[in-house]
Structure formats: C-alpha cells, structure tokens
Amino acid sequence: MRQLPKDFLWGGALAAHQFEGGWNQGGKGPSVVDVMTAGAYNVPREITETIEADKFYPNHEAIDFYHKYKEDIALFAEMGLKCLRTSIGWSRIFPKGDEAEPNEEGLQFYDDVFDELLKHGIEPVITLSHFELPLHLAREYGGFRNRKAVDFFVKFAEACFNRYKDKVRYWMTFNEINNQMDVNNPLFLWTNSGVMVKEGENVKEIMYQTAHHELLASALTVTKGKEINPEFQIGAMVSHTPIYPYSCNPEDVMLAEEEMRQRYFFPDVQVRGYYPSYAVKEFEREGYNIKFEEGDNEILRNGTVDYLGFSYYMSTTVKSDVVNDNTGDVVNGGLNGGLPNSVENPYVKATDWDWTIDPTGLRYTLNRFYDRYQVPLFIVENGFGAVDTFEADGSIHDPERIQYLKSHIEALEKAVTYDGVDLIGYTPWGIIDIVSFGTGEMKKRYGMIYVDRDNEGNGSMKRYKKDSFNWYKQVIKTNGEEL
Ligand code: P53
C-alpha cells in the first residue's frame, strides 16, 4: 500500500551559483550573487558595489563543478538519481542580460552537462532563474522593478527552450519567487529580482511592482515554452514554511490564516491565473499604485503553470498577542520566519541554524497545496543543513541527516498513498555539499557527498561519500520501500 508510482522522480537539487564556480569563465558575466561575501549564523552577507580584491566571494569558485562535472555526475549516477534539479546560470547565457545574441560557450556548457546526465539516465529538471540575474541588469536597469526585465527574461528563457527542447522536459521559472515577501531582509529582493530599495521608498509597493513584472515574465515564459514544445511541463517554484496557529484561540487561527497569504500570493497567481482578492484589497487599503498595462490580466490567465514545485525545510508558529522586537528572519532562525508574531513551537526541535524539524508539516503542506490548487506537486528542495565531521579514515557519519530525510520521505509517502496527493518527485537539497545561500558558508552542509572545502575557501575539493550516500541509494533502488 505504501508504493509510490513507478516513475516517481527521485533526485537531488542544486543551483548553478552555489556549486558551479567558474564565475568568470566561458564568457560568463557577473551575477547578483557574485558580489555577495560570506556571512555566518546571524552575520548577514554583504552586497558589495563591485568585486573587491580583498574580499572573499564564496560563489566564485564554489565547488568547481564547472571543471569537475563528469566526476560529480558519475557519483550521482552511482547513487541512482533519476533526475537532477539545477539551474541555468542566466549570466552564462546572457552575460550582461541585454545582449542581442546568447553566449554560445555558455549554451554549450549546459549541452555538455545535460548530455552527461542523460548518458547516465538522469533527467535534468531545470530552474531558469535561481538568484542568478546578470549584475548589469540589476545595476543599470534596477532589476525587475523595471518592466524591461520581463523581455530580457523571456528572451533568455526562449534561448534555453529552443536549445534544450529535446533534453529537458521539466522546467521551473523563478526559484522561491516568494522569498521577497520578507522585505525586512534586503537579501531577498536582491537575489530574487536584482532590486535595491533606497531610503524613503515604500518597500512593499516596490516589491509588489517587482512581483507583477516577474509574474508576467513567468506567464509569458509558460506560453512561449508550450509553443516551442507542447510536451514541456513548466512549473512555479515557491519556498514554503507553513505558519501554524499557536493555539485554538480563534485569534491565533485567523492570524495564521492571514499570514499564510504571504506564502500563497505568488502561487495563487501562477496556478490560478489571476490576483487573489485579498491582494487586491491590500493594494486598495494601503494605496499601492501597482502599474498594470492593458493585456496583463490576459497574459496571467494564459500562462498558468503545469505544476507547483516547492522547497520545504521547516514550519513556523504565530501567536496573536505577541509582538517580537527581534530581528530574526528566515535565513537566520527559521523560528522567527520573518514574522512579527512568531513564537517557539514546543512540539518541534530545531537544527543548529534554528530551522525547525517538522516532517508532519510536509504532509500538511502537500495536502493544503493539493486542496487549493489541484495540480501536480514537486518537492524540489528539502534537507538538513549541519556541520559534518570528517573522520581520519575519510568516512563521514551523518545519522541525523538520514533521520531527517527518512522522516520527511515517510511523510510524503503518506501524503501520496493515504491522502492521494499527486506528487511528481522528491529532490533533496544540496545532494553534494555546496555554498549555503543564506549565509555563504560551506560548513552548513546538506550533501550526501562531502566536499573538502571550508568557509574561507581552503581545501582539496576532493569528494567523499557520507553514510547518507548509500542509504539514499537504497531508498531509490526500492522506490522508497526501504528507508
Ligand atoms: P541555505 C529560507 C527558507 C527556505 C528556503 O538554504 C530558503 C531560504 C533562504 O535561505 O532558500 C532555499 O543554503 C534556496 C536555496 C538554499 C536552500 O534553501 O541558506 O532555494 O538556494 O541554498 C537552503 O541553508
């Protein structure tokens, strides 16, 4: 009874900027992440104006997949991955973002990577924009606050669709498009959209204008993609941290319901094809002047997604009579989740980075999404970021990671086999150790493959199998029967 569908896509997930390296090779231009230094727990990453010689930018070399991709893909194949989710670095294809023609060397790199994957029977699952906006578009155009970015993005997407139409079936438009709903941390508008907000500007209004442009870009991309290959499955991608009411106090329940709109706003538009009424009311109430052009509503209606991809790491909890003065955000302390009314949930434990561990929250999420949208779902990120110990004999024992993944797989299996949720696949985050997005650290590791590299960029870059490697191999081999 526990059986998952035979074609269930077991895989692993990565993002170009976090593992490729080769940041200025093959004609690649700098992206918004290439000017981000390393931070740490509660130390934000700095966004510098240009690349400064005396600063360390961990994404520049990352784990050097750019040169090691054959070796790494061989390891993925040994693990038995059926798919690999990664992104196409936008600034590898359009180095500045506004060129007339794409960069052939960049296109060729992904041809080589996809061929290598397909040779091993691994299907590439591709995110078009995973925090890799060309820096030039951010600096010269203001990123997605400028409507011109819509055309630049669609052009980039088209170049990818045309080139890889016979190699890639599953696509996603924007990674975690909803991160920027948390306007308290400038990191998110920058990495999602290449947007900086100046003193005195209304950050919420700018965020919604930016969002509108991205929603249009996403919808136009879906429509274009279907013309190029009707077989394409093009999805949205959101970061989902469900918000629980602290108690059965109706005020707590209603607060959680309202706060959840932060999570639902983007997929509501991308899946249903129109703005939800709570957002229309918010724009009216707050007096936001979001510029719509004629035809925009039609674009949104015509470009709805085929499926919803999402990341799930943790849950958070809110209480109506609490107002936090703490500055916690999603990156540093999932507990606070960027919400003013977050409180500790006494029923769940947390990781060393304060991200709660809540497998039931995954089943809950799958059910709520499926009820709301009735489209296939795809868990494209989930995982346990932790410090690993490299033993003298080259082994890495990571029982806590195995436990985390096992409990989340149990939860998704229940959602599929008991609740009847339509789930395409599961790609745990950072299948090989990579640079953390939130903190820029190397020591916050998610991988089942260890990479010898530290926070300062020292190390041999050699790869080693963790205990979780063989464990996951068995999970895939038995289609999730043996956990
Ligand atoms: P790191 C917050 C909440 C959920 C997912 O994050 C998030 C974030 C932002 O930190 O981001 C995703 O590396 C993102 C990946 C990222 C991964 O989560 O900060 O899509 O790029 O690496 C894990 O531990």
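Bear in mind the structure is a predicted one, so any value in this text is a computation, not a measurement. (Residues numbered from 1 in each chain as written. Predicted model: local features only at pLDDT ≥ 70, side-chain atom pairs only at ≥ 80, totals over all residues. Heavy atoms only, no water.)

**Q** Help me out: how do you make sense of the overall build of the protein in this one?
**A** When helices and strands are tallied, the protein shows 15 helices and 15 strands. In terms of overall size, the protein behaves like a compact globule, its C-alpha atoms giving a radius of gyration of 21 Å where 483 residues would be expected to give roughly 23 Å. Along the three orthogonal principal directions, the C-alpha set of the protein runs to about 60 × 55 × 50 Å. Taking the intrachain contacts of the protein between residues at least 6 apart in sequence as the baseline, contacts between residues at least 24 apart amount to 75%. Across the protein, the 50 positively charged side chains and the 75 negatively charged ones have centroids separated by 3 Å. (Helix = DSSP H or I, 4+ residues; strand = E, 2+ residues; numbered from the N terminus. Rg over C-alpha atoms; globule rule 2.2 N^0.38 Å. Contact = heavy atoms within 4.5 Å. Lys, Arg positive; Asp, Glu negative; His and termini not counted. Charge placed at Lys NZ, Arg CZ, Asp CG, Glu CD.)

**Q** Is there a simple way to think about the pairing of strand β3 (residues 123-129) in this case?
**A** Note on strand geometry: in a regular strand, side chains alternate between the two faces of the sheet. Among the seven residues of β3, seven are classified as buried, and the element is accordingly described as predominantly covered. Where strand β2 (residues 83-87) and β3 come together, five bridges link them in parallel fashion. In the sheet register, R85 faces β3, and the bridge partner there is V125. Sheet analysis places β3 next to strand β4 (residues 170-174), joined by four bridges and oriented parallel. (Buried < 20%, exposed > 50% of the residue type's maximum accessible area, 1.4 Å probe, protein only. Pairing = 2+ DSSP bridges.)

**Q** Sorry, what's going on with the UniProt feature "active site" (unreviewed entry) in the protein here?
**A** According to UniProt, the "active site" (unreviewed entry) feature falls on E381. In this fold, E381 is placed in strand β12 (residues 377-381). Within the local environment of E381, its side chain forms a polar contact with the side chain of R85, the two groups lying 2.9 Å apart. (UniProt positions renumbered as here; feature names shortened; annotations may be inferred. Polar contact = N/O pair within 3.5 Å; in protein donor to acceptor, adjacent residues only side chain to side chain.)

**Q** What is the right way to read unusual backbone geometry from this model?
**A** Backbone phi values are negative for most residues with the exception of glycine, while trans is the configuration of most peptide bonds. Even without glycine at this site, E176 takes up a positive phi of about 40°. Relative to the assigned elements, E176 resides in the loop between β4 and α7 (186-193). On the basis of relative accessible area, E176 is assigned to the buried category, the value being 9%. One non-glycine residue, Q374, lies in the positive phi region at around 55°. Examined against the element boundaries, Q374 turns out to sit in the loop between α13 (359-373) and β12.

**Q** Help me understand the site of the ligand, please; the structure alone is not making it clear to me.
**A** The full set close to the ligand counts 18 residues, and E176, F437, G438, K444 and Y446 are the nearest of them. Note that an oxygen atom of the ligand is positioned 3.2 Å from one of the side-chain N or O atoms of S436. Contact between the ligand and G438: an oxygen atom at 2.8 Å from a main-chain N or O atom of the residue. Expressed as a share of its isolated accessible area of 480 Å², the protein-covered part of the ligand is 100%. (Near = heavy atom within 4 Å. Areas by Shrake-Rupley, 256 points an atom, 1.4 Å probe, with all protein chains shown as cover.)

**Q** Please clarify how the packing of aromatic side chains should be interpreted in this entry.
**A** Pairs of aromatic rings are described using the distance from one ring centre to the other and the angle between the two planes. Counting across every chain of the model gives 44 aromatic pairs. Judged by centre distance (6.1 Å) and plane angle (70°), the ring pair of Y264 and F369 falls under edge-to-face. Pair noted here: Y264 is in helix α10 (residues 261-272) and F369 is in helix α13, with a separation of 105 residues, a long-range link. Residue F369 is classed as buried on the basis of its relative accessible area of 1%. Taken together, F19, F65, Y66, Y69, F109, Y110, F114 and Y164 form an aromatic cluster joined through their ring pairs. The cationic tip of R372 hangs over the ring face of Y264; the distance from NZ or CZ to the ring centre is 3.9 Å. When the ring centre of Y418 is taken as origin, the NZ or CZ atom of K414, which lies over that ring, is 4.8 Å away. (Phe/Tyr/Trp six-rings, centres within 6.5 Å; stacked < 30°, edge-to-face > 60°. Lys NZ or Arg CZ within 6 Å of the ring centre and 35° of its normal.)

**Q** So what exactly am I meant to see when it comes to the state of the cysteines here?
**A** By definition, a disulfide links two cysteine residues through a covalent bond between their sulfur atoms. With the rule as written, the count across this model stands at zero disulfides. We note that C83 lacks a disulfide partner, and the nearest cysteine sulfur, in C160, lies 18 Å from it. Classification of C160 by relative accessible area gives buried; the value is 0%. (Disulfide = S-S within 2.5 Å.)

**Q** Just to check I follow, could you spell out the environment of N382 for this structure?
**A** With respect to the helices and strands, the residue N382 is situated in the loop between β12 and α14 (399-417). Taking the C-alpha atoms as reference points, N382 and Y446, 64 residues apart in sequence, are found 9.3 Å from one another. Non-local contacts of N382, meaning those with residues more than four positions away in its chain, are made with Y312, Y313, Y404, L405, H408, Y426, T427, P428 and W429. Here Y404 takes part through its side chain, which lies 3.2 Å from a polar atom of the side chain of N382.

**Q** I'm lost on the nonpolar core in this one. Help?
**A** Judged by nonpolar contacts, the single largest core of 141 residues is most densely connected at W171, F265 and Y472. With eleven residues, the single largest contributor to this core is helix α6 (residues 148-164). Sequence-distant contacts of Y472, that is, excluding residues within four places in its chain, are made with W10, G11, M79, L81, Y426, P428, I431 and M448. Of all hydrophobic cores here, the second largest spans ten residues; its members include C83, Y170, M237 and F378. (Core = buried A, V, L, I, M, F, W, Y, C linked by side-chain atoms within 4.5 Å.)

**Q** Hey, could you run me through the sheet that holds β2 in this one?
**A** Sheet strands associate in pairs through backbone hydrogen bonding, adopting either a parallel or an antiparallel arrangement. Strand order in the closed barrel formed by eight strands is β1-β2-β3-β4-β5-β7-β12-β13, with parallel pairing between adjacent strands. For this sheet, the mean angle separating the axes of adjacent strands, direction not counted, is 30°. Of the pairings in the sheet, the one linking strand β7 (residues 307-311) to β12 comprises four bridges and is parallel in character. Across the sheet, S311 pairs through a bridge with E381, a residue of β12. The strands touched by α6 are β3, β4 and β5 (233-239); relative to β3, the strand with the most contacts, the crossing angle is about 165°. The sheet contacts of α13 involve β5, β7, β12 and β13 (423-426), and relative to β7 the element is tilted by about 155°. (Axes fitted to C-alpha atoms, helices over the stretch in contact; angles between N-to-C directions.)

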